[in-house]
Amino acid sequence: MFMGINGTEMVILVIVALVVIGPKRLPEYAQKLRDLVRQLRRMAEGAKDNVKRDFGDDFKDVDWQKLDPRQYDPRRIVREALVEEDSAIREAKRREQDATSGTTTESTSAGSNPASTETGSAGTASAGAGAATAAQRSPIERFQAQHAKRDRSAPAPFDPDAT
């Protein structure tokens with residue numbers, strides 16, 4: 001409720017205040033509390049106005065959703081880093097296979113099957129690897145597929161167990 005005080009504790013504090021302060025001085029202290037709260041609100045509004053004046057138009061363009069600390073799920077950050085690393089490794093392997101199987105790509109552009117050619121031994125390995133990845137995808141590839149489907153306009157899901 002208010003600074004970690006629940007309803008029962010607040011009632012006990014009010015009763016203690018009534019006993020300690022007394023009914024004669026209670027209106028005076030209630031008025032002092034009201035004035036203190038009003039003064040704190042004025043100070044907060046003044047600080048807000050100072051920040052808006054200092055930052056100007058840049059302050060209006062701030063996307064506060066990006067600065068929300070709840071969106072920084074450590075598991076998601078690690079998962080995305082692994083996906084980036086895995087895709088970089090896969091891309092490097094693909095480039096390496098393309099460079100080593102130059103004769104295979106020429107024969108496939110002519111319309112022949114790389115598995116049936118004698119010179120395309122590297123091509124048969126790449127064709128077999130393509131069929132294996134199509135049949136069963138790795139967990140990272142499954143994550144990438146789900147990641148591509150995710151709605152970017154919605155905030156990232158918050159997992160309270162992750163913190």
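Every value quoted in this text rests on a predicted model; they were computed, and no experiment measured them. (Residues numbered from 1 in each chain as written. Predicted model: local features only at pLDDT ≥ 70, side-chain atom pairs only at ≥ 80, totals over all residues. Heavy atoms only, no water.)

Draft legend 1. Geometry of the overall build of the chain. Each helix and strand in the chain was counted, giving six helices and zero strands. Here the chain, with 163 residues, has 9% of them falling under the buried criterion. Taking the intrachain contacts of the chain between residues at least 6 apart in sequence as the baseline, contacts between residues at least 24 apart amount to 50%. About 13,400 Å² of surface is accessible on the chain, with carbon and sulfur atoms providing 59% of the total. (Helix = DSSP H or I, 4+ residues; strand = E, 2+ residues; numbered from the N terminus. Buried < 20%, exposed > 50% of the residue type's maximum accessible area, 1.4 Å probe, protein only. Contact = heavy atoms within 4.5 Å. Areas by Shrake-Rupley, 256 points an atom, 1.4 Å probe, with all protein chains shown as cover.)

Draft legend 2. Summary view of a nonpolar patch on the surface. Where nonpolar side chains cluster on the molecular surface, the patch consists of Val11, Ile12, Val14, Ile15, Val16, Leu18, Val19 and Val20 and spans about 730 Å² of accessible area. Tracing the chain through its elements places valine 16 in helix 1 (residues 7-21). Judged by its relative accessible area of 44%, valine 16 is partly exposed. (Patch = residues over 30% accessible without salt bridge, like charges linked within 9 Å, V, L, I, M, F, W, Y side chains within 5 Å. Salt bridge = Lys/Arg side-chain N within 4 Å of Asp/Glu carboxyl O.)

Draft legend 3. Quick look at helix 1. Taking 1.5 Å per residue as the helical rise, helix 1 with its 15 residues ought to reach 21 Å, and the 21 Å between its terminal C-alpha atoms agrees with that figure. Of the residues flanking the end of helix 1, it is glycine 22, one or two places downstream, whose phi is positive at about 90°. (Expected span 1.5 Å × (residues − 1).)

Draft legend 4. Structural detail: the confidence of the model for the chain. Of the residues in the chain, 77% reach a pLDDT of 70 or more, and the chain-wide mean stands at 75. Within the chain, the lowest mean pLDDT, 46, falls on helix 5 (residues 121-135), and the highest, 90, falls on helix 2 (residues 26-55). Across residues 105-134, where pLDDT falls below 50, the model places 14 contacts with residues more than four positions away in sequence or in other chains. (pLDDT = per-residue confidence, 0-100.)

Draft legend 5. Structural context of the packing of aromatic side chains. This structure, assessed with the given rule, holds zero aromatic pairs. Taking the ring centre of tyrosine 29 as reference, the NZ or CZ of lysine 32 above it sits at 5.2 Å. (Phe/Tyr/Trp six-rings, centres within 6.5 Å; stacked < 30°, edge-to-face > 60°. Lys NZ or Arg CZ within 6 Å of the ring centre and 35° of its normal.)

Draft legend 6. Structural detail: the pattern of salt bridges. Enumeration over the complete set of coordinates arrives at nine salt bridges. Between aspartate 86 and arginine 90 there is a salt bridge, and its shortest N-O distance comes to 2.4 Å. Of this pair, aspartate 86 and arginine 90 both sit in helix 3 (residues 74-100), four residues apart, which is roughly one turn of that helix. Judged by its relative accessible area of 21%, aspartate 86 is partly exposed. Here arginine 90 falls in the partly exposed class, since its relative accessible area comes to 25%. Glutamate 91 serves as the salt-bridge partner of arginine 95, at 3.8 Å between the closest nitrogen and oxygen. Of this pair, arginine 95 and glutamate 91 both sit in helix 3, four residues apart, roughly one helical turn. Note on arginine 95: relative accessible area 55%, which makes it exposed. Assessed through its relative accessible area of 31%, glutamate 91 is described here as partly exposed. The network of salt bridges with shared partners includes Asp86, Arg90 and Glu141.

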